[in-house]
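# Observations on the three-dimensional arrangement
Each chain, written out:
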Amino acid sequence: MARITVDLSHVPMHLCLALFHMSSLYSGQEKSTRYQTMFRKAVLHPIKNYLPEHLPKEEIALLEEEYQSFGIISLDLFSKYRPLLSRAFEQYYQVDVADSRQKSALMVRVLDCTRYFLLIGQQNSMSFETSARDWSRILGDLKASPLSYYHKVALQIEKLLAPTREEEEVLGYKAEAPGLLRHTNPHITTNTNLRTLKRFLEEKTNLLKEVRIDRNFPRHVKQQVTMIESVYTEGDRLVASYILMIWPGIERKQLFKWIHSQTDETKHVISTILFSDHTSHSELPGFGRTTRMSLVIESFLGELRDLNRHRAWGRFLPLPLIFGEQVTKNTAQQIINRGFGLPLYLTSIAELEGYKVEYEQDLAAYYQELQKFLDKTSEKYRDTIDYSFILNLLPLAHQVDLWMHGDPKQASYFTSQRSRPGGHINYRILAYEANQLLATSDPYFSAMRLVKKPDPASREEFLDRS
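The residue count restarts for each chain, going from 1 along the sequence in the order it is written. Restriction of local features to residues with pLDDT of at least 70 applies here, the model being predicted, together with a cutoff of 80 or more for giving and counting side-chain atom pairs; totals for whole chains, interfaces and linings are based on all residues. Side-chain measures here rest on the full set of heavy atoms in the structure, leaving out hydrogens and waters.

### Observations regarding the packing of helix α2 (residues 57–92) against helix α3 (residues 100–114)
Worth spelling out the cut-off: Helix axes are fitted only over the stretch in contact, all axes being lines through C-alpha atoms; the angle between N-to-C directions runs from 0 to 180 degrees. A run of DSSP states H or I qualifies as a helix once it reaches four residues; a run of E qualifies as a strand once it reaches two. Both are numbered from the N-terminal end. For classification purposes, angles smaller than 35 degrees are called roughly parallel, those larger than 145 roughly antiparallel, those between 65 and 115 roughly perpendicular, and all remaining angles oblique. Two helices crossing with the near one rotated counterclockwise from the far one by less than a right angle form a left-handed crossing, whereas a clockwise rotation gives a right-handed crossing. We call two residues contacting when some pair of their heavy atoms lies within 4.5 Å. Each residue is assigned to one of three groups, with Ala, Val, Leu, Ile, Met, Phe, Trp, Tyr, Cys and Pro labelled nonpolar, Asp, Glu, Lys and Arg labelled charged, and all others, Gly among them, labelled polar.
Between α2 and α3, the least distance of the axes is 9 Å, while the angle of their chain directions is 135°. It follows that α2 is oblique to α3 by the angle criterion. Of the two elements, α2 crosses α3, and the hand of that crossing is right-handed. Across from F78, Y81, R82, L85, S86, F89 and E90 in α2, the residues of α3 making contact are L106, R109, V110, L111, C113 and T114. Taken together, the residues that form the contact of α2 with α3 break down as eight nonpolar, two polar and three charged.

### So, unusual backbone geometry
Not every positive phi belongs to a glycine, and H10 is a case in point at roughly 55°. Residue position: H10 is located in strand β1 (residues 3–12). In the Ramachandran plot, D277 falls in the positive-phi region, its phi being about 70° despite a non-glycine side chain.

### Some words on the sheet that holds strand β3 (residues 123–131)
Defined as follows: Strand pairing follows a simple DSSP-based rule, namely that at least 2 bridges must link the two strands.
Sheet architecture is open: three strands sit in the order β1-β3-β2, paired in antiparallel fashion. Single-partner strands in this sheet number two, and they are β1 and β2 (27–30). Neighbour-to-neighbour, the strand axes of this sheet turn through a mean angle of 10°, independent of strand direction. Both β1 and β3 contribute to a ladder of eight bridges, which runs antiparallel.

### Digging into the pattern of salt bridges
Side chains that differ in charge, positive against negative, can pair when their charged atoms come close. To be explicit about the condition: Take a side-chain nitrogen of Lys or Arg and a carboxyl oxygen of Asp or Glu: if they are within 4 Å of each other, that pair is a salt bridge. The classification of residues rests on relative accessible area computed with a 1.4 Å probe and restricted to protein chains. Under 20% of the type maximum is buried, over 50% is exposed, and intermediate values are partly exposed.
Using the criterion set out here, one finds 25 salt bridges in the structure. Here E234 and R292 are joined by a salt bridge, their closest N and O atoms 3.1 Å apart. Remark: R292 occurs in the loop between α11 (264–275) and β5 (294–300) and E234 occurs in helix α9 (residues 234–246); sequence separation between them is 58 residues. Judged by its relative accessible area of 32%, E234 falls in the partly exposed class. Through salt bridges with shared partners, a single network forms among R252, E298, R338 and D401.

### Here we look at the side chain of T377
The topology assignment puts T377 in helix α15 (residues 353–381). Setting aside chain neighbours within four positions, we find T377 in contact with L63, R382, I385, Y387 and F389.

See the structure below:
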């Protein structure tokens, strides 16, 4: 029952995302991109943390230089658009900068938009608090992650919370309750079962012949919310999550049809694979919390970092952070191909069309350079290295789905809370659209329906921080 808080500094944003995603018991806070103009100096997490140790130092240095150039591009674009959007928004929304509240609202809205250029691998800080038992589970999951860097993080946290007596004497530090951390060995069961499932699907089924994998070059895509059709069971949703961890670019609607249509014999085999060796100390992954009320939020990393913190929902992100195999070039390509999005202030207001065009061009140019880097690296190293460093180079504009499995109580709270004027316009619209889907999915839910749709063009809403 003991609660333990750990502060983490100079860690990549994706680690913060992963920690919030892993638990339903936590409290904590990540440094917000909304209020920190200091992100114009954000440091990209070094590539050496993601490369095999056998690579010559000279090669790592060359890769590091090219890799770090993406961090420079990111910060250049972040700095470029801050003054541009400040002037454009001040003029369009008639902001009185002499009024401190209006000026503060302007700054927040601008940072909501410029953060799209920040990278998920740039460094940030967070505080994370949860129970000792939950920490034990989290450490075991981190040690089994496909990202070797997470193994090091887990060992450091474990050393902090449960040092040996000799280490306590050297450090002059007394751990409060080291005996509470138990069963922290790598929890390899889920990833072992994923590998077994992959072999079965490739060798014994027609999945990859019947279901398409997206091969399109990354492009501007629009955000939207859908609900998984009620015909698909909790088991269908669980199996789909596992398959998307293997092939993140696989087409979702075709996938569900394929899963649902399998024979009972095939379903029994898959069930045996998924549940193999799971115990009370080696649980199913968090995305196993499926229900029949499932939202698929097709949005971007910036928004999903916020929505991912709704811990009462069962949540699923098809990114190989905690669960999955070593990231190959093919996996990295499927993730990149998802594309990118833009702030709705720019796509919904005709007077800001020019900024929308320039934003899109700059992001498209960034992805072209990212593709060249991936191709060049792959041509030299083939399958001898892990390509997880590519995850660090995904901008917060990058498209990633978030599945949220919930219940009526959480549906009412989530959509009401996240549609309020103080939030970023993109996730406000997402929450509103989710509300409309939920309210019309069952006559008994109709009374939760929100009446007023958030309006990107509204001056009143732009300046409202409530």
